[in-house]
Amino acid sequence: MTPSANHPPIIVTDAACDLPADVIETYGIHVAPLTILFGDEAFRSGIDITPDEFYRRLSESGVHPTTSQPTAAEFADLYRRLAAENQPVLSIHLSEGLSGTVNAARQAARNVPEMPVTVHDSGTLTSALGLQVLVAARAAKAGYSVEQILPLLAQTHETGGMLFTVDDLSYLHRGGRIGSVRYQLGQILHIKPIITVAKTGPKVGTYIQAGRARSMAKAVDAFVAQIVEHVGAGNKLRAISLYGDSPELAEQLNRRLAETFECVYLEMMPTAPVLGVHVGPKALGVGYAAGDWPV
């Protein structure tokens, strides 16, 4: 029997989504793995390699890793396996401007006409994507349909954002995210770019610079100042802070957020290994959304 589109959906995302493992388990969220390649060795991010193992290998290996997105065939296999649960699927993925993952999911959805699969481009990544996925999972648990959940995702994206910075620009440079001139200047002047994902304009869904700091510690101040400008000090906030191989700055950031806002949800975690390929071990980030949970 084909599941009704009015039923609460199963939530699918990908390994570029940063959410605590207990949240993924509690809500039964399905995560399509992205692959990390160290030369000829392939590891599924978060499955075959943990963050600790990834950063150890990153520091010891002479080979710079690359990443590979799930194929349309892999997504189709996942959707068909979920068909046994007799529910529609809402598949929420990192920005099309940063990866072909969402297009692979769309192709798979067209190839599985027996299943009502809705593919949604979050317009962002990592813990900002995670907050959208968590909103969807909470709403699905409350009995909301896909049609009712999609406006909540748009609202979460509009009222929130993603900020990150890195101590070493070489990882962004190797991945083609910044040009040679900016990389060299940044390394010489010790500038830490504050990076976000554009929501509008010609670069929508891709990285843009939102400021800069002279040190990683100063980046904490810059993050808090930008979130205050967007959300307003003292207002309700949901946030997940991220780090590479050391949590100290993320702990400091979360203390500042707790002091500055009424935090409805505040977590911190190491970023997914598949994202660590592009930012390196000394990274700091935060995904946030204003207000209380809509459901």
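Residues numbered from 1 in each chain as written. Predicted model: local features only at pLDDT ≥ 70, side-chain atom pairs only at ≥ 80, totals over all residues. Heavy atoms only, no water.

### Some words on the sheet that holds strand β2 (residues 30–32)
1) Next: One open sheet accounts for 4 strands, arranged β2-β1-β6-β7; its pairing is parallel. With one partner strand each, in any of the chains shown, β2 and β7 (117–121) form the two edges of the open sheet. Going across the sheet, the axis of each strand differs from the next one's by a mean of 25°, ignoring polarity.
2) Next: Strand direction decides the pairing type here: strand β1 (residues 10–14) and β2, joined by 3 bridges, are parallel. Directly across from Asp14, in β2, lies its bridge partner Ala32. (Pairing = 2+ DSSP bridges. Helix = DSSP H or I, 4+ residues; strand = E, 2+ residues; numbered from the N terminus. Axes fitted to C-alpha atoms, helices over the stretch in contact; angles between N-to-C directions.)

### Description of helix α3 (residues 72–82)
1) Next: Regarding α3, the residues found buried are Ala72, Phe75, Ala76, Leu78, Tyr79 and Leu82. The buried residues of α3 occupy one face: seen down the axis, they fall within an arc of 160°.
2) Next: At its buried positions, α3 is contacted by β1, β2, β6 (89–93), α4 (101–110) and β7. (Buried < 20%, exposed > 50% of the residue type's maximum accessible area, 1.4 Å probe, protein only. Arc of directions from axis to C-beta. Contact = heavy atoms within 4.5 Å.)

### Points about the pattern of salt bridges
1) Next: Following the criterion strictly, the structure yields 9 salt bridges and no others.
2) Next: For Arg80, the salt bridge identified is with Glu114, shortest N-O distance 3.7 Å. A residue pair is termed long-range when its members are at least 10 positions apart, and Arg80 in helix α3 and Glu114 in the loop between α4 and β7 qualify at 34 residues.
3) Next: Judged by relative accessible area, Arg80 falls into the partly exposed class, the value being 40%.
4) Next: Its relative accessible area of 41% is what places Glu114 among the partly exposed residues.
5) Next: With a closest N to O distance of 3.3 Å, Asp292 and Lys236 form a salt bridge. Taken together, the residues span a long stretch of sequence, with Asp292 in the segment after β13 (283–290) and Lys236 in strand β11 (residues 236–243) at a distance of 56 residues. (Salt bridge = Lys/Arg side-chain N within 4 Å of Asp/Glu carboxyl O.)

### Observations regarding the nonpolar core
1) Next: One finds Ile11, Leu19, Phe54, Leu90, Ile92 and Val133 to be the most contacted residues of the largest nonpolar core, which totals 51 residues.
2) Next: With 10 residues, helix α5 (residues 126–141) is the single largest residue contributor to this core.
3) Next: Excluding residues that lie within four positions of it along the chain, Leu90 makes contacts with Pro9, Ile10, Ile11, Val12, Thr118, His120, Ala136, Val146, Ile149, Leu150 and Leu153.
4) Next: If you look at the next biggest cluster of nonpolar residues, it comprises 21 residues, including Ala213, Ala239, Tyr243 and Leu257. (Core = buried A, V, L, I, M, F, W, Y, C linked by side-chain atoms within 4.5 Å.)

### Concerning unusual backbone geometry
1) Next: Residue Asn86 is not a glycine yet carries a positive backbone phi of 55°.
2) Next: The residue Asn86 is located in the loop between α3 and β6 in this model.
3) Next: At Thr126, a position not held by glycine, the phi torsion is positive, near 45°.
4) Next: Residue placement: Thr126 occurs in helix α5.
5) Next: Given a relative accessible area of 5%, Thr126 falls into the buried group.

### Concerning the packing of aromatic side chains
Note on aromatic pairs: each is described by the distance of the centres and the angle between the planes.
1) Next: Tallied over the full model, the rule gives 6 aromatic pairs.
2) Next: With 6.1 Å between their ring centres and 55° between their planes, Phe38 and Phe54 make a pair best called tilted. In this pair, Phe38 is assigned in strand β3 (residues 35–38) and Phe54 in helix α2 (residues 51–60), connecting sequence segments 16 residues apart. We note that Phe38, like Phe54, is buried.
3) Next: Taken together, Phe38, Phe43, Phe54 and Tyr55 form an aromatic cluster joined through their ring pairs.
4) Next: Stacked on the ring of Phe38, the Lys or Arg Arg57 has its end atom at 5.3 Å from the ring centre.
5) Next: Here Lys141 stacks its cationic end above the ring of Tyr27, 5.3 Å away from the centre of that ring. (Phe/Tyr/Trp six-rings, centres within 6.5 Å; stacked < 30°, edge-to-face > 60°. Lys NZ or Arg CZ within 6 Å of the ring centre and 35° of its normal.)

### Observations regarding the sheet that holds strand β4 (residues 41–44)
Within a beta sheet, neighbouring strands are joined by backbone hydrogen bonds and run either parallel or antiparallel to one another.
1) Next: Pairing within the open sheet is antiparallel, and its 3 strands lie in the order β4-β3-β5. Two strands bound the open sheet, and with one partner strand each, they are β4 and β5 (66–68). When the angles between neighbouring strand axes are averaged without regard to direction, this sheet yields 30°.
2) Next: Of the strand pairs in this sheet, β3 and β5 are connected by 3 bridges, and their pairing is antiparallel. Bridge pairing links Thr35 to Ser68 in β5.
3) Next: Seen against the sheet, α2 touches β3 and β4 and runs at an angle of roughly 25° to β3.

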